[in-house]
Amino acid sequence: VHLVESGGGLVQAGGSLRLSCAASGLTFSMYTMGWFRQAPGKEREFVAAVPRSGGTMYADSVKGRFTISRDNANNTVYLQMNSLKPEDTAVYSCAAKLRSPGTMATQYPYWGQGTQVTVST
């Protein structure tokens, strides 16, 4: 399984970014796809997930600002991030797990290398 994130960068507070994660080596439609983030000196935290059956899950800190979606035809999951805040600065990683969704990083066996998102004031 290979997950490759893209779309990170530097943005001013209030701006937007769209992250992408291209997956290969798995039957994409069978997997829950998630986004996690880790800021310097902090533990990795759940951001959002989209199960194979549809529906979405979000951390309270991003609800209403971030949108996760998936394109099963192109084996890609997206994270649209709007109204970004400096506290959103982190390395964002996508992750994959079979079947049911989850919010704990330990539930996901497959990970991308991460992409840096920096939100300036």
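Residues numbered from 1 in each chain as written. Predicted model: local features only at pLDDT ≥ 70, side-chain atom pairs only at ≥ 80, totals over all residues. Heavy atoms only, no water.

Caption draft 1: Main features of the overall build of the protein. Within the protein one finds zero helices and 11 strands. Each helix and strand of the protein, placed in order from N terminus to C terminus, yields the pattern β-β-β-β-β-β-β-β-β-β-β. The C-alpha atoms of the protein give 13 Å as radius of gyration, which agrees with the globular expectation for 121 residues (14 Å, within 12%). Seen through its C-alpha atoms, the protein measures out along the principal axes to roughly 40 × 25 × 25 Å. Split into buried and exposed, the 121 residues of the protein put 44% on the buried side. The long-range share in the protein, meaning contacts at least 24 apart out of those at least 6 apart in sequence, stands at 58%. Computed over 11 positive and 7 negative side-chain charges, the inter-centroid distance for the protein is 6 Å. (Helix = DSSP H or I, 4+ residues; strand = E, 2+ residues; numbered from the N terminus. Rg over C-alpha atoms; globule rule 2.2 N^0.38 Å. Buried < 20%, exposed > 50% of the residue type's maximum accessible area, 1.4 Å probe, protein only. Contact = heavy atoms within 4.5 Å. Lys, Arg positive; Asp, Glu negative; His and termini not counted. Charge placed at Lys NZ, Arg CZ, Asp CG, Glu CD.)

Caption draft 2: How the structure looks around the side chain of Thr-115. Of note, Thr-115 is situated in strand 11 (residues 115–120). Relative accessible area serves as the criterion here: at 12%, Thr-115 is assigned to the buried category. In this structure the side chain of Thr-115 is engaged in a polar contact, spanning 3.3 Å, whose partner is the backbone nitrogen of Gly-8. Here Thr-115 is in contact with Glu-5, Ser-6, Gly-7, Gly-8, Leu-19, Ala-90, Val-91 and Tyr-92, once residues within four sequence places are set aside. (Polar contact = N/O pair within 3.5 Å; in protein donor to acceptor, adjacent residues only side chain to side chain.)

Caption draft 3: The state of the cysteines, seen in detail. A complete count under the given rule lists one disulfide for this structure. Each sulfur in the disulfide pair Cys-21 and Cys-94 lies 1.9 Å from the other. Between Cys-21 and Cys-94 the sulfur-sulfur dihedral comes to about 40°; the bridge is accordingly right-handed. Pair noted here: Cys-21 is in strand 3 (residues 17–24) and Cys-94 is in strand 9 (residues 90–98), with a separation of 73 residues, a long-range link. Classification of Cys-21 as buried rests on a relative accessible area of 0%. (Disulfide = S-S within 2.5 Å.)

Caption draft 4: Local environment of the packing of aromatic side chains. As enumerated under the stated definition, the model contains five aromatic pairs in all. Between the aromatic rings of Phe-36 and Trp-111, the centroid separation amounts to 5.0 Å while the plane-to-plane angle is 55°, which identifies the pairing as tilted. With Phe-36 in strand 4 (residues 31–38) and Trp-111 in strand 10 (residues 110–111), the pair connects residues that are 75 residues apart, well separated along the chain. Ring centres of Tyr-108 and Trp-111 lie 6.4 Å apart, and the angle between their planes is 65°; on these two criteria the pair is classed as edge-to-face. On the basis of relative accessibility, which here comes to 3%, the residue Tyr-108 falls in the buried class. In textbook terms, an aromatic cluster arises when at least three aromatic residues are bridged by ring pairs, as seen for Phe-36, Phe-46, Tyr-108 and Trp-111. Over the aromatic face of Tyr-78 sits the side chain of Arg-18, whose NZ or CZ is 3.9 Å from the ring centroid. Its guanidinium or amino end placed over the ring of Phe-28, Arg-70 lies 4.6 Å from that ring's centre, counting from NZ or CZ. (Phe/Tyr/Trp six-rings, centres within 6.5 Å; stacked < 30°, edge-to-face > 60°. Lys NZ or Arg CZ within 6 Å of the ring centre and 35° of its normal.)

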